[in-house]
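Listed below are the residues making up each chain.
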Amino acid sequence: MPKIGIADTTFARANMAEIAIKTIIENSEARIERYTVPGIKDLAVAAKKLIEEKQCEIVLALGMPGSKAIDKQCAHEASLGIMQVQLSTNKHVIEVFVHEDEALNEKELLEIIKDRTKKHALNALALLKGRNELQRFAGKGKRQGKTDVRPLRE
Amino acid sequence: MPKIGIADTTFARANMAEIAIKTIIENSEARIERYTVPGIKDLAVAAKKLIEEKQCEIVLALGMPGSKAIDKQCAHEASLGIMQVQLSTNKHVIEVFVHEDEALNEKELLEIIKDRTKKHALNALALLKGRNELQRFAGKGKRQGKTDVRPLRE
Amino acid sequence: MPKIGIADTTFARANMAEIAIKTIIENSEARIERYTVPGIKDLAVAAKKLIEEKQCEIVLALGMPGSKAIDKQCAHEASLGIMQVQLSTNKHVIEVFVHEDEALNEKELLEIIKDRTKKHALNALALLKGRNELQRFAGKGKRQGKTDVRPLRE
Amino acid sequence: MPKIGIADTTFARANMAEIAIKTIIENSEARIERYTVPGIKDLAVAAKKLIEEKQCEIVLALGMPGSKAIDKQCAHEASLGIMQVQLSTNKHVIEVFVHEDEALNEKELLEIIKDRTKKHALNALALLKGRNELQRFAGKGKRQGKTDVRPLRE
Amino acid sequence: MPKIGIADTTFARANMAEIAIKTIIENSEARIERYTVPGIKDLAVAAKKLIEEKQCEIVLALGMPGSKAIDKQCAHEASLGIMQVQLSTNKHVIEVFVHEDEALNEKELLEIIKDRTKKHALNALALLKGRNELQRFAGKGKRQGKTDVRPLRE
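Residues numbered from 1 in each chain as written. Chains lettered and ligands numbered in written order. Predicted model: local features only at pLDDT ≥ 70, side-chain atom pairs only at ≥ 80, totals over all residues. Heavy atoms only, no water.

## Notes on the environment of T23(D)
Residues and elements named next belong to chain D.
Move 1: In this fold, T23 is placed in helix α1 (residues 16–27).
Move 2: In this structure T23 comes out as buried when scored by relative accessible area, which is 5%.
Move 3: Those residues within four positions of T23 in sequence are excluded, and the remaining contacts are K118, A121 and L122. (Helix = DSSP H or I, 4+ residues; strand = E, 2+ residues; numbered from the N terminus. Buried < 20%, exposed > 50% of the residue type's maximum accessible area, 1.4 Å probe, protein only. Contact = heavy atoms within 4.5 Å.)

Here it is as structure tokens:
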């Protein structure tokens with residue numbers, strides 16, 4: 001039974017980990033290891049520790065960057081860290097970031113959070129099955145956090 | 001017979017991998033390994049796994065970044081990851097990114113996608129033959145996705 | 001008894017390390033190692049040395065970036081270095097940066113410095129206890145340097 | 001006899017490698033290994049392979065970034081890759097990039113290309129002689145691609 | 001007797017290394033190794049070679065970035081390289097960059113160069129003595145290149 005890591009933050013304004021855990025439990029037998037850190041820049045090392053010290057096969061890195069310029073820069077640094085974790089472990093770390101300025105109001109923001117977290121939890125389960133599991137959706141304009149867009153028309 | 005890796009995404013709005021595969025089959029005996037991931041930031045580790053776990057000699061990393069500022073940043077992070085994969089494996093990973101705002105309409109965008117993917121698949125085949133295979137085109141203003149530009153005139 | 005590293009700068013306009021040390025002493029039995037460097041770009045290697053040469057389990061990297069464009073870029077470079085230290089040591093390095101332009105006056109700036117340093121010192125102590133110690137605050141909109149924000153409402 | 005690597009691209013609009021090779025032959029007995037790749041983002045791994053697989057002591061990385069925002073970002077990524085190659089091999093990789101928007105017309109652009117490539121080929125030869133070979137020019141306002149600027153006056 | 005490395009450039013418009021060497025000689029018995037490279041992007045590997053091949057305990061990386069956007073990007077890349085050198089060697093590399101647009105005229109620019117280089121040479125000597133040598137200046141608003149700023153008032 002593979003282990004899925006979930007790294008989340010106290011900075012976020014929604015319990016993204018609960019959404020991810022619910023989705024994983026409903027759709028698989030995977031075991032889950034969780035690691036809660038203060039903010040998004042702490043996620044990368046948490047993900048690496050989940051992989052290297054807790055033997056997770058894949059990790060979901062959940063966070064909510066703020067809306068200011070400095071927050072965007074933090075998100076960029078966090079993303080570069082997550083990239084490096086993947087390349088030093090040869091494991092996927094799926095970044096699930098929801099930016100506070102993505103929605104016009106709280107209700108819409110919560111819907112983005114739920115949709116994106118759920119879909120990426122399913123993506124993680126698919127990637128665990130193998131490198132061709134998502135092939136049938138290749139080029140299909142899949143979106144997380146909003147509805148898919150249609151493929152380009154000839 | 002060398003192996004070529006192809007990493008592609010479900011986010012893209014066209015099946016770029018099919019174009020690449022068709023070009024490779026029509027122009028070589030190379031074997032192909034494919035890896036489909038959710039988005040462009042997942043391509044780097046997929047490329048690394050294709051090289052290290054599937055013994056690919058070269059990889060095409062296919063993706064379609066969106067048009068928003070955050071998409072540009074994601075593309076930058078994805079590119080830095082792809083750079084790192086090359087430097088840790090000593091193999092080429094040819095990045096074939098088509099930005100959604102490169103064209104004025106869908107038809108033109110599709111043409112860019114086809115042209116760029118096809119030409120870079122041929123570039124990959126050339127690089128497999130050796131470091132001097134592309135020398136006759138050196139400084140010739142080769143472009144992928146649009147027509148070549150002429151070399152500078154004295 | 002775990003060891004906590006504290007890296008601070010002569011560039012800062014407040015003795016952030018003293019605030020951190022006071023908080024740690026009042027709330028734990030942890031031993032402390034301190035390393036003072038000129039500026040924020042010197043913090044990363046100091047943090048790495050505290051971990052690798054002084055056996056610190058976690059490090060607080062304390063600094064005050066200036067308000068000009070070049071200062072923002074320095075802070076970005078410093079943050080990327082701190083990220084790399086974490087990934088090469090598998091230890092948390094909590095970045096506690098207060099930007100000189102975060103507040104309207106010196107009094108407010110000092111309050112941000114005190115609040116952020118104190119709360120992140122407590123975060124460090126929590127992380128030392130284990131990866132689930134902060135779980136009860138997950139998604140609770142915790143902020144350092146200002147008051148928390150409430151979680152999103154359904 | 002040391003070996004100098006030359007990495008160049010098919011994207012460039014001038015045969016920069018020929019200029020570099022001519023300069024090296026006229027000024028030294030050094031042997032040359034050349035590697036032609038599609039674009040500037042492929043230069044870093046080519047440089048690394050020239051050093052590690054072809055035993056080059058130093059590499060010239062020749063390229064011509066375009067003038068659009070995306071081209072600037074590509075050049076940045078290419079530069080970061082070239083930086084990493086140097087740090088993982090302890091060899092110099094001299095970046096010789098000429099941006100398409102550096103000149104007002106093609107004639108001027110060609111002159112920049114020739115001047116910069118020639119001078120950096122000579123810099124490479126100097127660096128091969130030792131770390132003090134360029135010391136007599138230290139702080140002298142040397143420029144490649146245009147005329148030198150004078151040192152600051154007291 | 002520890003060895004201090006000094007990496008400088010031919011691009012700079014002042015002989016920064018001479019200022020650093022004079023300061024070191026007047027204030028210590030340290031031995032000095034110098035390495036002159038063309039530009040700031042060549043400094044990182046020079047610093048690494050000074051540490052790894054010449055056994056320097058610390059390095060001063062001296063440079064003068066130009067005032068254009070591309071120069072700022074080069075400085076950023078150079079800084080990231082210098083960061084990486086520190087993290088792969090566990091040694092400090094003190095970056096002493098003076099941007100050509102920091103001053104209104106040449107006289108002022110020269111004064112910044114002298115002040116910053118001198119003070120950072122002294123910082124290097126202090127860091128060689130140990131991680132607590134600079135502690136008495138912690139949070140004191142120390143500046144290099146201009147006069148110190150006072151600490152924040154309660």
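## Examining the sheet that holds strand β4 (residues 93–97) of chain A
Residues and elements named next belong to chain A.
Move 1: Spatial strand order, β2-β1-β3-β4: four strands in an open sheet with parallel pairing. Every other strand in the sheet has two partners, leaving β2 (31–37) and β4 as the edge strands with one partner each. The sheet shows a mean angle of 15° between the axes of neighbouring strands, taken without regard to direction.
Move 2: Examined bridge by bridge, strand β1 (residues 3–9) and strand β3 (residues 58–63) share four bridges and lie parallel to one another. Paired with A7 across the strands is A61, a residue of β3.
Move 3: Running at roughly 165° to β4, helix α3 (residues 69–89) makes contact with β3 and β4 of the sheet. (Pairing = 2+ DSSP bridges. Axes fitted to C-alpha atoms, helices over the stretch in contact; angles between N-to-C directions.)

## Focus: the interface of chain E and chain C
Move 1: Facing 37 residues of chain E, the contacting portion of chain C comprises 42 residues.
Move 2: Taken together, both faces of the contact between chain E and chain C bury some 3200 Å²; the carbon and sulfur share is 54%.
Move 3: Contact with chain C buries surface across chain E, with N90(E), R131(E) and L152(E) losing the most and accounting together for 25% of the total.
Move 4: If you look at where chain E meets chain C, you find four salt bridges. (Buried area = accessible area lost by both parts, 1.4 Å probe. Salt bridge = Lys/Arg side-chain N within 4 Å of Asp/Glu carboxyl O.)

## Re the relation of the copies chain E and chain C
Move 1: Screw-axis analysis of chain E against chain C gives a translation of 0.0 Å along the axis, an RMSD of 0.0 Å, and a rotation angle of 72°. In short, the pair behaves as if placed about a five-fold rotation axis.
Move 2: The two copies present different faces, since only 8% of the interface residues in chain E are matched by interface residues at the equivalent positions in chain C. (Least-squares fit on C-alpha atoms with pLDDT ≥ 70 in both.)

## As for the pattern of salt bridges
Move 1: According to the stated counting rule, one finds 90 salt bridges over all chains in the structure shown.
Move 2: With a shortest N-O distance of 2.7 Å, R150(C) and E106(A) are connected by a salt bridge. Of this pair, R150(C) sits in the segment after α4 (106–129) while E106(A) sits in helix α4 (residues 106–129), on two different chains.
Move 3: Classification of R150(C) as partly exposed rests on a relative accessible area of 34%.
Move 4: The exposure class assigned to E106(A) is partly exposed, which follows from its relative accessible area of 24%.
Move 5: The shortest N-O distance in the salt bridge between K72(C) and D101(C) comes to 3.0 Å. With K72(C) in helix α3 (residues 69–89) and D101(C) in the loop between β4 (93–97) and α4, the pair connects residues that are 29 residues apart, well separated along the chain.
Move 6: A relative accessible area of 25% places K72(C) in the partly exposed class.
Move 7: Its relative accessible area of 42% is what places D101(C) among the partly exposed residues.
Move 8: Counted as one network, the salt bridges with shared partners bring together R13(A), E100(A), E106(A) and R150(C).

## Brief notes about the relation of the copies chain B and chain D
Two copies of a chain can be linked by a rotation about an axis combined with a shift along that same axis.
Move 1: Of the transformation placing chain B onto chain D, the axial shift is 0.0 Å and the rotation is 72°, giving an RMSD of 0.0 Å.
Move 2: Of the interface residues in chain B, just 8% have counterparts in chain D that sit at the interface too, so the contact is made through distinct surfaces.

## Focus on helix α2 (residues 43–52) of chain E
Move 1: Among the 10 residues of α2(E), nine are classified as buried, and the element is accordingly described as predominantly covered.
Move 2: Of the surrounding secondary structure, the elements contacted by the buried residues of α2(E) are α3 (69–89) of chain D together with β1 (3–9), β2 (31–37), β3 (58–63), α3 (69–89) and β4 (93–97) of chain E.

## Focus on the arrangement of the chains
Move 1: Separating chain A from chain D is a minimum C-alpha gap of 13 Å, and the two share no contact.
Move 2: Contact between chain B and chain E is absent, and the least distance between their C-alpha atoms amounts to 13 Å.

## Examining unusual backbone geometry
Move 1: Phi is positive for N90(C), close to 60°, though the residue is something other than glycine.
Move 2: Counting through the fold element by element, N90(C) comes out in the loop between α3 and β4.

## With respect to the layout of surface pockets
Unoccupied space between atoms shows up once a probe the size of one water molecule is rolled over them.
Move 1: Taken as a whole, the largest pocket holds about 1200 Å³ of empty space.
Move 2: Lining the largest pocket are 43 residues, with Q84(A), Q84(B), Q84(C), Q84(D) and Q84(E) positioned closest to its centre.
Move 3: Breaking the lining of the largest pocket down by element, the ones donating at least two residues are α3 of chain A, α3 (69–89) of chain B, α3 of chain C, α3 of chain D together with α3 of chain E.
Move 4: Counting residues per element, the lining of the largest pocket draws most heavily on α3(D), which supplies nine residues.
Move 5: For the lining of the largest pocket, the per-class residue count stands at 16 nonpolar, 20 polar and seven charged. (1 Å grid on protein atoms, 1.4 Å probe; cavity = no way out; pocket = protein on both sides within 12 Å on 5 of 7 lines; lining within 4 Å. Points joined across faces, edges and corners; volume = space filled by probe spheres on them. Nonpolar A, V, L, I, M, F, W, Y, C, P; charged D, E, K, R; others polar.)

## Let's talk about the sheet that holds strand β3 (residues 58–63) of chain B
Residues and elements named next belong to chain B.
Move 1: The four strands are arranged β2-β1-β3-β4 in an open sheet whose pairing can be described as parallel. Strands with a single pairing partner mark the edges of an open sheet, and in this sheet they are β2 (31–37) and β4 (93–97). Taken over all neighbouring pairs, the strand axes of this sheet differ in orientation by 15° on average, direction set aside.
Move 2: For strand β1 (residues 3–9) and β2, the ladder comprises seven bridges, and the chain directions are parallel. Each residue of the ladder has a partner; that of K3, found in β2, is R31.
Move 3: Of the strands in this sheet, β3 and β4 are in contact with α3, which crosses β4 at around 165°.

## A closer look at the pairing of β4(B)
Residue and element names in this part refer to chain B.
Move 1: The buried fraction of β4 is high, at five of five residues.
Move 2: Across five bridges, β3 lies against β4 in parallel orientation. Within β4, the residue paired with L60 across the bridge is I94.
Move 3: In terms of handedness, the path from β3 via α3 over to β4 forms a crossover that is right-handed. (Right-handed = clockwise from strand over helix to strand, strands pointing away.)

## Re the interface of chain B and chain D
Move 1: Listed by partner, the interface residues are 37 residues for chain B and 42 residues for chain D.
Move 2: Run the count over chain B and chain D and you get four salt bridges.
Move 3: Note that E33(D) is salt-bridged to R131(B), the shortest N-O span being 2.1 Å.
Move 4: Scanning the region where chain B abuts chain D turns up 23 residue pairs in polar contact (both at pLDDT 80 or more).
Move 5: Listed by contribution, the elements that provide at least two residues to the side of chain B that touches chain D are α3, β4 and α4 (106–129) of chain B.
Move 6: Per-element tally for the side of chain B that touches chain D: the top contributor is α3(B), with nine residues.
Move 7: Class assignment for the residues of the side of chain B that touches chain D results in 13 nonpolar, 13 polar and 11 charged. (Polar contact = N/O pair within 3.5 Å; in protein donor to acceptor, adjacent residues only side chain to side chain.)

## Concerning the confidence of the model for chain A
Residues shown with low pLDDT carry predicted positions that ought not to be read at fine detail.
Move 1: Confidence along chain A averages 97 in pLDDT terms, with 100% of residues attaining 70 or more.
Move 2: Listed scores for the predicted complex are pTM 0.98 and ipTM 0.97. (pLDDT = per-residue confidence, 0-100.)

## Structural notes on the side chain of H120(E)
Move 1: Note on placement: H120(E) falls in helix α4 (residues 106–129).
Move 2: Given the relative accessible area of 8%, H120(E) is considered buried.
Move 3: Setting aside chain neighbours within four positions, we find H120(E) in contact with P38(C), L60(E), I94(E), E95(E), V96(E) and Q144(E).

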